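Architecture and fold: a report
Spelled out, the chains give:
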Amino acid sequence: MATRSQDIVSVIKEEIEHFGAAVAIANVGTVVEVGDGIARVHGLGAAEYNELLQFPHDIMGLALNLEEDNVGAVILGDCSQIKEGDEVRSTGRVIEVPVGDALIGRVVDPLGRPRDGKGPIKTEKTRPVERVAPNVVARQPVDTPVLTGIKAIDSMIPIGRGQRELIIGDRFTGKSAIPIDTIIAQKGGDLICIYVAIGQRTSRVAQVVGTLEKYGAMEHTIVVAADAADPAPLQYIAPYSGCAMGEEFMEQGKDALIIYDDLYRHAWAYRQLSLLLRRPPGREAYPGDIFYLHSRLLERAARLAPEYGGGSLTALPIIETQAGDMSAYIPTNVISITDGQIYLEPDLFNAGIRPAVNVGLSVSRVGGSAQRKAMRQVAGKLRLELAQFRELEAFAKFGAEELDKATKDQLERGRRITEVLKQPQYSPMSLGKQVSILFAVTNGYLDDVPVEKVIVWEENFHRFMETSHPEIEQKINEDMEITPETEETLTSAAKEFKGGSTY
């Protein structure tokens, strides 16, 4: 009897303890249809756009379609483990990724999970992958360069910190080579780099990571990889995840560079999701908000005003054209969003001119304001001379013997400039080296050098400058301009080399 009364007392005590306790309400739904990475969920009445949903087996989903009687969710994982009737819960969180210094040097997926086998990543902070871009008041003008180490770009199509410069061209024209060289050129600098691979082959991503490790560039780089084998939802959020990681550094007052390789595949992934979610197709079967897809991403690149931290995020999106068609839907969209483009031409690439930059169709809308003074001093006429040379060269094929001396001289100078601007991959140059050789070619020191010997002449010239006059490169790198004293020293050094040069 005593035992029974004790039981009753304990039950009453428990009831009293839990009296008035808050009732936990969970927003729960049921999977009514699943397939092709898309789940339709009934019952999630309070779900929000871009909210993370919890599916069974620790699989997460993303709410993208909020319809009257169901929620269309994309599954961020293996959809084969999800079946009709499964319970789905709202998490109350929008999709977010870990951010911070712990990610530097690592290869991660778009959700921030490690992919390089180097153990877990310990970060204390996360950021939502989607965010409104900084407004005009929070920005300042772009006036500090991102030195790519590539002569053709630093001299004629300068990229500034906070700029968005599109790299566009056909397959196998060296589009990815430019940003990879740019990342390598930042070794020992203050620029943190993020390389986002969207829909690339896994072997290709491994090759890029191997190259960056070989040249010591992974020490300041994060690689976000959404491979071709990954589900379309991961490819869709990859650039936004990389951008969120870059924004964390920007808001700390640091400078970051992000490469999206490439946004055509990103648009394909989004088109796939949209069609599976039964959104109305538009031009080329893309959904109506395809422009907003890329504009809300690229507008997040900025250079913040000092009162907002003064950091910057520079974006280098890549677009692959089909048969050189720059007027296709996605290329024209991205061209209209960005601050200029670097167009790589297959004919130039096949002719051995690498990087295969078409000077006539390439432009930087920031221009000389994002160029060091030293580079402006030597490269002022370079772009114009090269564009005129390409036009003259086309006409000269019809009758070279009838050309006057001035035109012939211009053609000869153009041929030498073209040779000087050739640059092998993975060999970015310092500002001092670039300025030295461009000074030599624009001031006529290579005019009598045979065209086929120009590359050898340049190699010997750099070797001579390193051994006999290392102070010139150092002075240009420090002053970032050619002072009258530096110009005098550079002129005498070029004459000295020219006097003893045998090519």
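The text that follows walks through the structure, step by step, so that each part is easy to find. (Residues numbered from 1 in each chain as written. Predicted model: local features only at pLDDT ≥ 70, side-chain atom pairs only at ≥ 80, totals over all residues. Heavy atoms only, no water.)

Turning our eyes to something else, we now look at the nonpolar core. Of all hydrophobic cores here, the largest spans 67 residues; its most connected members are Leu212, Ile342 and Leu446. Counting residues per element, this core draws most heavily on helix α13 (residues 431-442), which supplies seven residues. Those residues within four positions of Leu212 in sequence are excluded, and the remaining contacts are Ile180, Ile183, Ile184, Ala217, Met218, Thr221 and Val223. Ile194, Leu298, Ala328 and Tyr329 belong to the second largest nonpolar core, which has 63 residues in total. (Core = buried A, V, L, I, M, F, W, Y, C linked by side-chain atoms within 4.5 Å. Buried < 20%, exposed > 50% of the residue type's maximum accessible area, 1.4 Å probe, protein only. Helix = DSSP H or I, 4+ residues; strand = E, 2+ residues; numbered from the N terminus. Contact = heavy atoms within 4.5 Å.)

This brings us to the pattern of salt bridges. Per the counting criterion, the structure on display carries 34 salt bridges. In this structure, the salt-bridge partner of Arg303 is Asp143, at a minimum N-O distance of 2.6 Å. In this pair, Arg303 sits in strand β14 (residues 302-303) while Asp143 sits in the loop between β9 (125-128) and α2 (151-156), placing the two residues 160 residues apart along the sequence. The partner of Asp190 in a salt bridge is Arg161, with the nearest N and O atoms 3.2 Å apart. Of this pair, Asp190 sits in the loop between α3 (177-185) and β11 (191-198) while Arg161 sits in the loop between α2 and β10 (166-169), placing them 29 residues apart in sequence. By relative accessible area, Asp190 is classed as partly exposed at 49%. Here Arg161 falls in the buried class, since its relative accessible area comes to 10%. A single salt-bridge network, built from bridges that share partners, covers Lys125, Arg127, Arg131, Glu247, Glu248, Glu251 and Arg300. (Salt bridge = Lys/Arg side-chain N within 4 Å of Asp/Glu carboxyl O.)

Okay, the environment of Thr489 next. Tracing the sequence through the fold places Thr489 in helix α16 (residues 484-500). Judged by relative accessible area, Thr489 falls into the partly exposed class, the value being 29%. Separated by 149 residues in the primary sequence, Thr489 and Gly340 have C-alpha atoms spaced 36 Å apart.

Attention shifts here to the pairing of β10. Here β10 shows a buried face lined by Leu166 and Ile168 and a second buried face lined by Ile167 and Gly169. Across four bridges, the pairing between β10 and strand β16 (residues 340-344) is parallel. Following the sheet pairing, Ile167 is matched in β16 by Ile342. In terms of strand pairing, β10 meets strand β15 (residues 312-320) through three bridges, oriented parallel. Following the sheet pairing, Gly169 is matched in β15 by Glu320. (Pairing = 2+ DSSP bridges.)

This paragraph deals with the sheet that holds strand β1 (residues 28-35). Strand order in the closed barrel formed by six strands is β1-β2-β5-β4-β3-β6, with antiparallel pairing between adjacent strands. Sheet twist, expressed as the average angle between the axes of neighbouring strands with direction ignored, equals 45 degrees. Looking at chain direction, strand β3 (residues 51-55) and strand β4 (residues 59-66) are connected through four bridges and run antiparallel. Counted as the bridge partner of Leu53 is Gly61 from β4. (Axes fitted to C-alpha atoms, helices over the stretch in contact; angles between N-to-C directions.)

Strand β13 (residues 255-261) sits mainly inside the fold: seven of its seven residues count as buried. Burial along β13 is two-sided: the face carrying Asp255, Leu257, Ile259 and Asp261 and the face carrying Ala256, Ile258 and Tyr260 are both buried. Note that β11 and β13 share seven bridges and pair parallel. Bridging across to β13, Leu191 finds its partner in Asp255. Pairing of β13 with β15 involves six bridges; the strand directions are parallel. Pairing of Leu257 across the sheet is with Thr314, part of β15.

Moving on: the side chain of Arg127. Within the secondary structure layout, Arg127 lies in strand β9. Here the side chain of Arg127 touches Glu248 through a polar contact of 3.1 Å, side chain to side chain. Among the polar contacts listed, one links the side chain of Arg127 to the side chain of Glu251, at a separation of 3.3 Å. Among all residues touching Arg127, those that are not within four sequence positions of it are Glu96, Val97, Val99, Ala244, Glu247, Glu248 and Glu251. (Polar contact = N/O pair within 3.5 Å; in protein donor to acceptor, adjacent residues only side chain to side chain.)

This paragraph deals with the state of the cysteines. Applying the stated criterion across every chain, the model contains zero disulfides. Unpaired in this structure, Cys193 has its nearest cysteine sulfur neighbour in Cys243, at a distance of 15 Å. The class for Cys243 is buried, based on a relative accessible area of 0%. (Disulfide = S-S within 2.5 Å.)

Each pair of packed helices gets described by two things: the angle between the helix axes and the distance between those axes. In the contact formed by α13 and helix α14 (residues 454-468), the axes pass within 11 Å of each other and the chain directions differ by 125 degrees. Accordingly, the angle class assigned to the pair α13 and α14 is oblique. Considering how the two elements wind past one another, α13 and α14 form a crossing that is right-handed. In this structure, α13 contributes Lys433, Ser436, Ile437 and Ala440 to the contact, and α14 contributes Trp457, Glu458, Phe461, His462, Met465 and Glu466. (Parallel < 35°, antiparallel > 145°, perpendicular 65-115°, else oblique. Left-handed = near helix turned anticlockwise from the far one by under 90°.)

Let us now look at helix α5 (residues 232-251). Its 20 residues give α5 an end-to-end C-alpha distance of 30 Å, which sits within 8% of 28 Å, the value for a rise of 1.5 Å per residue. If you look at α5, its biggest bend is around 35 degrees, right at Ala238, and the proline Pro239 turns up within four residues after that. Burial within α5 is extensive, with 19 of its 20 residues counted as buried. (Expected span 1.5 Å × (residues − 1). Bend = angle between axes of the 7 residues up to and from the residue.)

This paragraph deals with the environment of Glu471. Secondary-structure assignment places Glu471 in helix α15 (residues 470-479). Note on Glu471: relative accessible area 40%, which makes it partly exposed. Residues Glu471 and Thr486, spaced 15 residues apart in sequence, show a C-alpha to C-alpha distance of 9.5 Å.

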